[in-house]
Amino acid sequence: MLNMFIENFQYYTFSCLKSNLEDVRDFLKSNNDRLKKYEIESLTSFNFDLYDDRPKKGGAHLKKSYFFKPLINDEYIVFVSNSADGWETLVNYISSGMKIDSFSFIISNANDSNFLNSFVFRKEGGEIRRVYVIKDEKWIFHAEGDVQWFEDEKNYHLRSIKQRMNRDVILEYCQKLDFRISDDSFWKSNSSFSFVQVS
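Presented here is an overview of the structure given in this document.

About the thresholds
- Residues numbered from 1 in each chain as written.
- Predicted model: local features only at pLDDT ≥ 70, side-chain atom pairs only at ≥ 80, totals over all residues.
- Heavy atoms only, no water.
- Salt bridge = Lys/Arg side-chain N within 4 Å of Asp/Glu carboxyl O.
- Helix = DSSP H or I, 4+ residues; strand = E, 2+ residues; numbered from the N terminus.
- Buried < 20%, exposed > 50% of the residue type's maximum accessible area, 1.4 Å probe, protein only.
- Contact = heavy atoms within 4.5 Å.
- Polar contact = N/O pair within 3.5 Å; in protein donor to acceptor, adjacent residues only side chain to side chain.

1. A word on the pattern of salt bridges
1) Next: As enumerated under the stated definition, the model contains 11 salt bridges in all.
2) Next: Between Glu7 and Arg167 there is a salt bridge, with the nearest N and O atoms lying 3.2 Å from each other. On the criterion of sequence distance, the pair formed by Glu7 in helix α1 (residues 4–7) and Arg167 in helix α4 (residues 167–176) is long-range, its members being 160 residues apart.
3) Next: Overall, the relative accessible area of 12% leaves Arg167 in the buried class.
4) Next: In this structure, the salt-bridge partner of Lys18 is Glu75, at a minimum N-O distance of 3.2 Å. Taken together, the residues Lys18 in the loop between β1 (11–17) and α2 (21–30) and Glu75 in the loop between β3 (64–68) and β4 (77–81) connect sequence positions 57 residues apart.
5) Next: For Lys18, a relative accessible area of 35% corresponds to the partly exposed category.
6) Next: In this structure Glu75 comes out as partly exposed when scored by relative accessible area, which is 45%.
7) Next: Connected via shared salt-bridge partners are Glu88, Arg122, Glu127 and Arg130.

Pasting the structure below:
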């Protein structure tokens, strides 16, 4: 069962990057010409204030995000944003620029009108694997790239497309990857920084 933090949302996105806060912050600062519309602010603790139950659609709003180090994972930092796609372009930019591994996840409720559950794995910046289930005019399951060790392929052959990539499947994968998102401590941090669009 997912923890109360995740249960607060109809639709939630996050990424895990194999790096530390200092190196990611330095990388963003060193690319100031490209990212001059954004500001970085160091924070001691992480408090989620990006949206209520789901991020806004589209790109009309200014982007806001946080990078933080979970209390229970030493190898990865977590990235969350107010973008419905999890600000995938920024995660790609960091992963490819720093040549680091990253995982991105989207989790939505089973009855959500914008149902989308997905994960993306990038190795040293290159996309290796992408799997998702989305509700458009009909249910769609899509998988590309090589199957990874933490996946359970039997999920992808279920009769119900909706069940092939649901919250439980993502939780299972995260547990195998040691992203203990069902533990409240995963969403707490004593070290973080914000990355905010100012114009």
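2. Overview of the environment of Pro55
1) Next: When you line up the elements, Pro55 lands in the loop between β2 (38–43) and β3.
2) Next: Separated by 45 residues in sequence, Pro55 and Gln10 have C-alpha atoms that sit 9.4 Å apart.
3) Next: Aside from chain neighbours lying at most four places away, what touches Pro55 is Tyr11, Asn82, Ser83 and Ala84.

3. Description of α4
1) Next: Those residues of α4 that sit buried are Arg167, Val169, Ile170, Leu171, Tyr173 and Cys174.
2) Next: Near the N-terminus of α4, the side chain that reaches the backbone nitrogen of Asp168, with its oxygen 3.1 Å away, is that of Asn166.
3) Next: After α4 finishes, the residue Asp178 shows a positive phi value of roughly 70°.

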